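This is what each chain is made of:
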Amino acid sequence: QGKGLFATRDIRKGEIVFVERPVVSSQFLWNALYNYRACDHCLRALETAEENAQRLLGRSSLVLPHPEQCSIRKDLHQQCPRCQVVYCSAECRQAALEQYHQVLCLGPARDDPTHPLNKLQEAWRNMHYPPETSSIMLMARMVATVKQAKDKEWWIKAFSQFCNKTANEEEEIVHKLLGDKFKGQLELLRLLFTEALYEEHLSRWFTPEGFRSLFALVGTNGQGIGTSSLSQWVHACDALELPMLQREELDAFIDQLYKDIEKESGEFLNCEGSGLYVLQSCCNHSCIPNAETSFPENNFLLHLTALEDIRAGEEICISYLDCCQRERSRHSRNKILRENYLFTCSCPKCLAQADDADVTSDEEEEGEGETDDAELEDEMTDV
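Residues numbered from 1 in each chain as written. Predicted model: local features only at pLDDT ≥ 70, side-chain atom pairs only at ≥ 80, totals over all residues. Heavy atoms only, no water.

Participant: How should I be thinking about the sheet that holds strand E2 (residues 24-27) in this particular structure?
Facilitator: The strands that make up a sheet are held in pairs by hydrogen bonds between backbone atoms, and each pair lies either parallel or antiparallel. With antiparallel pairing, 3 strands are arranged side by side in an open sheet as E2-E8-E7. A strand with exactly one partner marks an edge of an open sheet, and here the two such strands are E2 and strand E7 (223-227). Pairs of neighbouring strands in the sheet enclose a mean axial angle of 30°, with direction left out of account. Of the strand pairs in this sheet, E7 and strand E8 (residues 271-276) are connected by 5 bridges, and their pairing is antiparallel. When the bridges of E8 are listed, Gly226 appears paired with Glu272. (Pairing = 2+ DSSP bridges. Helix = DSSP H or I, 4+ residues; strand = E, 2+ residues; numbered from the N terminus. Axes fitted to C-alpha atoms, helices over the stretch in contact; angles between N-to-C directions.)

Participant: What exactly am I supposed to notice about the packing of helix H2 (residues 49-57) against helix H10 (residues 244-265) here?
Facilitator: In contact at an axis separation of 8 Å, H2 and H10 are set at 45° when each is read in the N-to-C sense. The angle between H2 and H10 places the two elements in the oblique class. Of the residues in H10, those touching H2 at Ala53, Leu56 and Leu57 are Leu257, Asp260, Ile261, Glu264 and Ser265. Considered class by class, the residues forming the contact of H2 with H10 number 5 nonpolar, 1 polar and 2 charged. (Parallel < 35°, antiparallel > 145°, perpendicular 65-115°, else oblique. Contact = heavy atoms within 4.5 Å. Nonpolar A, V, L, I, M, F, W, Y, C, P; charged D, E, K, R; others polar.)

Participant: What is the right way to read the layout of surface pockets from this model?
Facilitator: Think of a ball as big as a water molecule: rolled over the atoms, this probe shows where empty space is left. In this structure, the second largest pocket spans a volume of roughly 860 Å³. Looking at the second largest pocket, it is lined by 31 residues, and the ones nearest its centre are Ala32, Asp40, Val85, Arg110 and Gln121. Mapped onto the lining of the second largest pocket, the elements with two or more residues apiece are E2, helix H1 (29-33), helix H3 (90-104), helix H4 (116-127) and helix H5 (136-148). By residue number, the principal contributor to the lining of the second largest pocket is H4, which donates 5 residues. Considered class by class, the residues forming the lining of the second largest pocket number 16 nonpolar, 7 polar and 8 charged. (1 Å grid on protein atoms, 1.4 Å probe; cavity = no way out; pocket = protein on both sides within 12 Å on 5 of 7 lines; lining within 4 Å. Points joined across faces, edges and corners; volume = space filled by probe spheres on them.)

Participant: When you look at the sheet that holds strand E10 (residues 291-294) in this model, what are you seeing that I'm missing?
Facilitator: The antiparallel open sheet is built from 3 strands, whose spatial order is E1-E11-E10. Looking at which strands have only one partner, the edges of the open sheet turn out to be strand E1 (16-20) and E10. Each strand of the sheet is rotated relative to its neighbour by a mean of 20°, with strand direction disregarded. In the sheet, E1 pairs with strand E11 (residues 302-306) via 4 bridges, with the strands oriented antiparallel. What sits directly across from Ile16, in E11, is Thr305.

Participant: Whenever I open this one, the pairing of E2 confuses me. Can you help?
Facilitator: Working note: regular strand, side chains alternate between the two faces of the sheet. Judged by which residues are buried, E2 turns out to be covered on both faces: Val24 and Ser26 on one side and Ser25 and Gln27 on the other are all buried. Bridge count for E2 against E8 is 4 bridges, and the pairing is antiparallel. Following the sheet pairing, Gln27 is matched in E8 by Gly273. (Buried < 20%, exposed > 50% of the residue type's maximum accessible area, 1.4 Å probe, protein only.)

Participant: Looking at this structure, how should I read the pattern of salt bridges?
Facilitator: Scanning all chains against the criterion turns up 13 salt bridges. Put simply, Arg55 and Glu47 hold a salt bridge, and the shortest N to O gap is 2.7 Å. Given the relative accessible area of 9%, Glu47 is considered buried. Taking the shortest distance from any N to any O, the salt bridge between Lys119 and Glu195 comes out at 3.4 Å. (Salt bridge = Lys/Arg side-chain N within 4 Å of Asp/Glu carboxyl O.)

Participant: Would you mind showing me how to read the nonpolar core here?
Facilitator: Generally speaking, a soluble globular protein has its nonpolar side chains buried in company with each other. Ile136, Met142, Phe159, Leu189, Phe193, Leu197 and Leu304 are the most contacted members of the largest nonpolar core, which has 81 residues in total. For this core, the element with the highest residue contribution is H5, accounting for 9 residues. Viewed by domain, this core spans two of them, domain 1 (5-21 + 225-329) and domain 2 (24-224), each represented by three or more residues. When neighbours within four sequence positions are excluded, Phe159 is seen to be in contact with Val23, Val24, Met142, Val146, Trp205, Leu217 and Leu276. By size, the runner-up hydrophobic cluster in this structure holds 16 residues, among which are Leu62, Ile72, Val234 and Ile254. (Core = buried A, V, L, I, M, F, W, Y, C linked by side-chain atoms within 4.5 Å. Domains from an automatic or database assignment.)

Written out as structure tokens, the structure is:
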């Protein structure tokens with residue numbers, strides 16, 4: 001679990017506790033491949049709301065009302081002149097260049113399958129099908145950040161703040177992506193990672209044990225990030241003051257739009273990635289959290305908001321599980337937490353259900369079977 005984060009003052013329900021920028025973040029590789037385009041630095045969606053809806057519906061003729069409520073500014077978008085990676089602004093392009101992109105820029109080798117970085121990314125895609133929940137490129141950006149830094153020790157210390165245990169020895173739990181099933185995959189990834197990015201100051205990260213620790217760091221601390229220009233447009237439309245008839249028409253249009261998207265594309269698909277956040281990673285888990293994370297600015301800025309009044313001195317807890325997972329049995333919840341976060345939960349809800357039978361419903365067992373067989377990393381960092 002996290003180190004624990006406590007309120008230093010009284011916080012009211014609905015109040016923002018803090019806004020945090022990640023130490024490093026990265027879009028998921030499958031998202032980028034399928035053209036769910038986001039800024040390569042801050043993960044802001046690059047499509048307009050209308051383009052986003054047209055793609056998800058497979059209907060290029062769709063026209064959204066109130067286009068002025070879309071916040072995407074395509075006139076501000078910029079590309080890296082060498083590798084054509086796209087950013088939402090000159091500020092993001094410069095920030096990426098100064099922190100890590102000089103090391104990771106592929107230049108004219110962007111489409112060369114023999115380039116070490118491309119080999120690493122392709123290996124990851126072959127091992128970890130969507131939905132992704134962490135990315136090898138998050139680890140690559142950590143290494144690139146240290147390689148570019150003048151003060152390498154400062155960055156190494158910054159990354160050392162995150163828990164990197166590969167196992168909970170007290171309970172004999174090993175992270176599910178580090179077990180026997182994945183040993184061959186991990187070793188291949190380590191060799192490709194070393195070929196692409198070896199750095200003497202980080203030599204321990206490239207050893208078998210060090211690479212496992214780095215993998216565990218990303219797996220247990222990575223916070224999922226989701227951005228969407230369409231959802232931003234919907235929120236902006238919800239805030240419009242309209243005559244009753246126009247409001248009803250707009251609400252009906254949006255409801256039908258979401259139904260059509262679900263029918264055409266399945267679950268609503270955001271631009272997605274993951275990041276490492278120092279304060280957020282300190283928050284412990286509870287199955288009845290008093291705070292939650294969100295990304296209302298349509299980029300990687302994380303907002304932690306109170307779900308109820310929190311008194312000074314009280315611990316601030318989030319849930320490492322999504323809403324559906326929190327409704328499952330204590331046994332099912334703890335199975336997910338043990339496999340992905342290496343602990344057994346003892347929050348008030350779990351303690352109250354301590355005498356419940358350690359079984360899952362047929363529906364839950366069916367869902368768990370699908371997860372084990374079809375989604376190698378599902379539920380990791382799904383906060």
